Amino acid sequence: MADAVHYHLEKMVPELEDLEKRGIFSKTEIKSIVKRRTDLEYAIHRLQPLKSDFLRYIEYEINLDRLRRKRKRRMHLNVPQKQAKREKNKLKGSPGVKEKTSLSDYSLLRRIHGLYQKMLRRFGGDMGLWVQYFEWSRAVGSSKALGRSFARAIQLHPTKPTFWIMAAAWEFEENGNMNSARILLQRGIRLNTEDKTLWHEYFKLELLFIEKVKERRKILFGDGANGRDAAAENVNGDEEVEAADRTVSLPGLSEEKGLGMSALEQDETIAATTSDEANVSSMGEKLTPMQRTLLEVVVPRVIYRNAVQAIPHDLQFRIGFLQIYRKFGPETKIGQEEIYESLRKDFPNHPTARAVLAERHLAGITPVDPKYPAALKSCVTEFDACVVEIPLPEMWAAYADFLAGQLNACDEENLKKYLKASLLKTYTRTASANLATPQTYVSWSALTSPAQSLTILQKGVENIPTSAELWLARIARAGNEEKEGLFERACAAVGGMEGRWKVWEEYLKWCVGCWEGASGNGSGQAMEVDEEDGSSSGGDDDDEQEEEEEEEAETSSPTLNSKTVTQKFETALSRDALGGTEHESAILEQYMKWSYRAGGITQTRALYDRLIAERQRKPEFFRTCVKMEERNVKDNGKGMWSAESVGRVRKLWEAAVVADSTDTATWLDYIRFEMDVAKDMQRATRLHWRAGKEVVDKDGFMRSYEAMKAA
């Protein structure tokens, strides 16, 4: 290892001498650079280097190169090579200008490339590292290296659509090489026929290309054009050679053996896109039949037909093509009609498909357009037919959502009245047919008076008693004196874990609020306790909160004592409610915060000691306990930690790492406590050693640990 490190350090000598000779770095700074690089080289040359070792080295070299560039600019040495070449005579002999780049101008970038390549040879399976390398290479303009790296990444990960898409986008956007971009995506689709993202991106690429060609022709042959030949816009020979060097040269993949050409590649229209006749660079003012065909959305339509054959039964996949079409304006109308026809044929009784077909009349039309009323009427007529043909809750919900969306988008008073009346009529018809969903009842109630709203929601909970959404809406509109009974009924009736959690969460908040009213512990103390988590409301919300409190004071508000609130929390944590579920930690956090407000740290400690003794808890619970201890120090200890508090927090962190010894965040917080609060560096070092043996993501842990030490 030492020989390899010294070999690489010796190779740096000419570069460092050049930096010192040009005055960019002083002799002392050069020594510091050598010392730092020596440490980093030993780290990456050990028997099992970590990703964090390479990333730390790369970060150092990037920062060093950034500093070198700044100093060059300050010393007036920063003249780009291409600019110097173009203005050679002008720059020659100018003070403070160097016409040729020296070794130090490119050695740092070359070293960073080398470090990335070495890291990717060892950790080539990490997609995030590849993406990071691509982004950096693109930022510094390393086009040739980027082309080679894309090819290597695709060879290692041929089934990952991300790399195919990134490579094609780079070819199209940076190199202007549409043929290479097409071929890359076609090969990607050949290997990943059922990948929806690749189909959509290839479809979008062809539409972007058509848009680009049309804009180019508008400049060349539009109004005021002087009839220049399109060939005059082409790059010169040297730049064409340079572009060829930058392209992604992807060899045959082992996964492609025996596959042959896909149906997409065999299509005559797709094959014609790479022919000389279709070459855009040779387009003159008069288009050939093939060139005209390419500009008429023919290729995207062929892609869509092939995509549907590959993935025939996915409705959202087809709607994705339609949404892409709409981004390119009315010129894609013929393609949109083809999709509508396929939806009509293949999904005749699907509510979502029928809703898309009904809404097509308003595509591209805004509420201020004179065509809007007639188009809206056509949509309503078609929706009316749909709900008769397909009497399903989803169909009625789609109809109501459409009307609600148009009502929100419309500003014209008469149209708003028409849409509101139509929406209310739709809700009534839906409920009469017993096809209303919980959202239907909630949305319906929002459009009516308070008395009607209460009636609608009551009918909703009677028809769908398992809906948490309906119960909460009903409770929100009830008087304070009946809320407790409604909450109890809701807890018993609501089905599903998520629904029960929503009801219990609101119930417990309401109970705490009633306790505050009874005990005189207003919301001020509650805000102080929750402030640490960033959940306190203040500032502009204070007035609204006071108004709500005044309104509640006008009605008889029930009061609950501490014993009753404790019983509610214990019931919520029982096995019959949410005990042992994924929501238990959130309830425990609420419980602990209320306990601190009700009885201070003494009651809170008694509570969490009892809960810990009952059974094993999750790390989140111990983290909440630590927060309560920290809050106590802030409130009562004036920021000074007592020996008892430190001992308790240590026990809590130990219990947390026992509960999940692989959790990186828990170990880091435990180490941070020992470093910043207990000031026990020996214990922190032992914890670091223990964590290194336990955590799964060792590289991530090391990066976070180094960042924590540097902070």
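Given the structure is predicted, the values throughout are model-derived calculations rather than measurements.

A. Expanded view of the overall build of the protein chain. Looking only at helices and strands, one finds 37 helices and zero strands in the protein chain. Taken across its 711 residues, the protein chain has 43% of its residues classed as buried. Contacts spanning at least 24 positions in sequence make up 62% of the contacts within the protein chain whose residues lie at least 6 apart.

B. Quick look at the side chain of threonine 604. Of note, threonine 604 is situated in helix 32 (residues 584–614). Owing to a relative accessible area of 0%, threonine 604 belongs among the buried residues under this scheme. With residues near it in sequence (within four places) discarded, threonine 604 still touches Met592, Ser595, Tyr596 and Met628.

C. Broad picture of the packing of aromatic side chains. Under the defined criterion, the tally for this structure stands at 28 aromatic pairs. When the ring of tryptophan 130 is compared with that of phenylalanine 134, the centres are 6.0 Å apart and the planes differ by 40 degrees; the resulting orientation is tilted. In this pair, tryptophan 130 and phenylalanine 134 both sit in helix 8 (residues 127–140), four residues apart, roughly one turn of the helix. Just as tryptophan 130 is buried, phenylalanine 134 falls in that class too. One aromatic cluster is present, built from ring pairs that chain together Trp130, Phe134, Phe150, Phe163 and Trp170. Across the ring face of phenylalanine 209, the terminal group of arginine 182 is positioned such that the distance to the ring centre comes to 5.0 Å. For the cation-ring pair, arginine 617 lies above phenylalanine 621, with the distance from its terminal atom to the ring centre recorded as 5.9 Å.

D. Seen up close, the confidence of the model for the protein chain. Summary statistics for the protein chain give a mean pLDDT of 84 and a share of 82% for residues scoring 70 or more. For the protein chain, the element scoring lowest by mean pLDDT is helix 29 (residues 523–530), at 42; helix 20 (residues 351–359) scores highest, at 96. In the model, residues 223–241 has pLDDT below 50 throughout and makes 18 contacts with residues more than four positions away in sequence or in other chains. Overall, residues 523–540 carries pLDDT values under 50, and its contacts beyond four positions in sequence, including any with other chains, amount to 26 contacts.

Rules used throughout
- Residues numbered from 1 in each chain as written.
- Predicted model: local features only at pLDDT ≥ 70, side-chain atom pairs only at ≥ 80, totals over all residues.
- Heavy atoms only, no water.
- Helix = DSSP H or I, 4+ residues; strand = E, 2+ residues; numbered from the N terminus.
- Buried < 20%, exposed > 50% of the residue type's maximum accessible area, 1.4 Å probe, protein only.
- Contact = heavy atoms within 4.5 Å.
- Phe/Tyr/Trp six-rings, centres within 6.5 Å; stacked < 30°, edge-to-face > 60°.
- Lys NZ or Arg CZ within 6 Å of the ring centre and 35° of its normal.
- pLDDT = per-residue confidence, 0-100.

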